[in-house]
Amino acid sequence: MIRKANAVWRGTGRDGAGDLTTASGVLNGTAYSYRTRFEEEPGTNPEELLAAAHAGCFTMALAFALQQAGLTPLELATEAAVSLDPADGGGFRISKSALTLRARVPGLDEAKFQELAKAAEQNCPVSKVLNAEITLDATLES
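Residues numbered from 1 in each chain as written. Predicted model: local features only at pLDDT ≥ 70, side-chain atom pairs only at ≥ 80, totals over all residues. Heavy atoms only, no water.

What to know about the pattern of salt bridges
Reasoning step 1: The final tally for this structure, using the stated rule, is six salt bridges.
Reasoning step 2: A salt bridge links glutamate 41 to arginine 35, with the shortest nitrogen-to-oxygen separation between them at 3.0 Å.
Reasoning step 3: For glutamate 41, a relative accessible area of 34% translates into the label partly exposed.
Reasoning step 4: Of the charged contacts, one joins glutamate 121 and lysine 118 as a salt bridge, the two residues approaching to 2.8 Å between their closest N and O atoms. Here lysine 118 and glutamate 121 lie together in helix H3 (residues 110–123), a separation of three residues that amounts to about one turn. (Salt bridge = Lys/Arg side-chain N within 4 Å of Asp/Glu carboxyl O. Buried < 20%, exposed > 50% of the residue type's maximum accessible area, 1.4 Å probe, protein only. Helix = DSSP H or I, 4+ residues; strand = E, 2+ residues; numbered from the N terminus.)

Considerations on the sheet that holds strand E4 (residues 75–86)
Reasoning step 1: The mixed open sheet is built from three strands, whose spatial order is E4-E5-E6. The open sheet has two edge strands with one neighbour each: E4 and strand E6 (133–141). Across the sheet, the axes of successive neighbouring strands diverge by a mean angle of 15°, strand direction being ignored.
Reasoning step 2: In terms of strand pairing, E4 meets strand E5 (residues 92–104) through 12 bridges, oriented antiparallel. Looking at the pairing, serine 83 lines up with lysine 96 of E5.
Reasoning step 3: On top of the sheet, helix H2 (residues 46–68) reaches E4, E5 and E6; it is set at about 145° to E4, its chief contact.
Reasoning step 4: Seen against the sheet, H3 touches E5 and E6 and runs at an angle of roughly 150° to E6. (Pairing = 2+ DSSP bridges. Axes fitted to C-alpha atoms, helices over the stretch in contact; angles between N-to-C directions. Contact = heavy atoms within 4.5 Å.)

What about the environment of alanine 31?
Reasoning step 1: Among the secondary structure elements, alanine 31 is positioned in strand E3 (residues 30–33).
Reasoning step 2: When its relative accessible area of 44% is taken as the criterion, alanine 31 is described as partly exposed.
Reasoning step 3: When residues no more than four places from it in sequence are discounted, the contact partners of alanine 31 are Gly18, Asp19, Gly43 and Thr44.

What about the environment of methionine 60?
Reasoning step 1: Tracing the backbone shows methionine 60 in helix H2.
Reasoning step 2: For the pair methionine 60 and leucine 20, spaced 40 residues apart in sequence, the C-alpha separation works out to 24 Å.

Remarks on the packing of H2 against H3
Reasoning step 1: Viewed as axis vectors pointing N to C, H2 and H3 meet at an angle of 135°, and their least axial separation amounts to 8 Å. The orientation of H2 with respect to H3, classified from their angle, is oblique. Crossing angle aside, the handedness with which H2 passes H3 is right-handed. For the pair formed by H2 and H3, the contact residues are Phe58, Ala61, Leu62, Ala65 and Leu66 on the first element and Leu116, Ala117, Ala120 and Glu121 on the second.
Reasoning step 2: Classifying every residue of the contact of H2 with H3 by side-chain character gives eight nonpolar, no polar and one charged. (Parallel < 35°, antiparallel > 145°, perpendicular 65-115°, else oblique. Left-handed = near helix turned anticlockwise from the far one by under 90°. Nonpolar A, V, L, I, M, F, W, Y, C, P; charged D, E, K, R; others polar.)

Notes on the sheet that holds strand E1 (residues 5–10)
Reasoning step 1: Pairing in this open sheet of three strands is antiparallel, and the strands run E1-E2-E3 from one edge to the other. Edge positions in the open sheet fall to E1 and E3, since each of these has one partner strand only. Between one strand axis and the next, the sheet turns through 25° on average, direction left out of account.

Here it is as structure tokens:
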């Protein structure tokens, strides 16, 4: 399986701008720029897209793990906060992706919940590709 996206950039790094398009069409000429990445201008940026990918991947991995355990979640809500920090030697690096999960799963005890959540965090494909610290704060709600 191969998924594709395209980026087009025009101009310099600071003053230029670009757009992102995914093969599915979910993103279609979506604007990104220095200002959307490092300031607060509306638009997207690579770190936001990576956060969405990590949250979605992890949450789906946990849903499959719960299904294998014979459990059906009422809701799994995950936020991923991706940190972009200065890198040694210049430039930037993605240093962390902090996952925060709030789950409602009838019939699931805390120990099994933590076990399944940790396994999903470690085994989702996006977690495996990240060369960054990954943290998980998982809360099972009643």
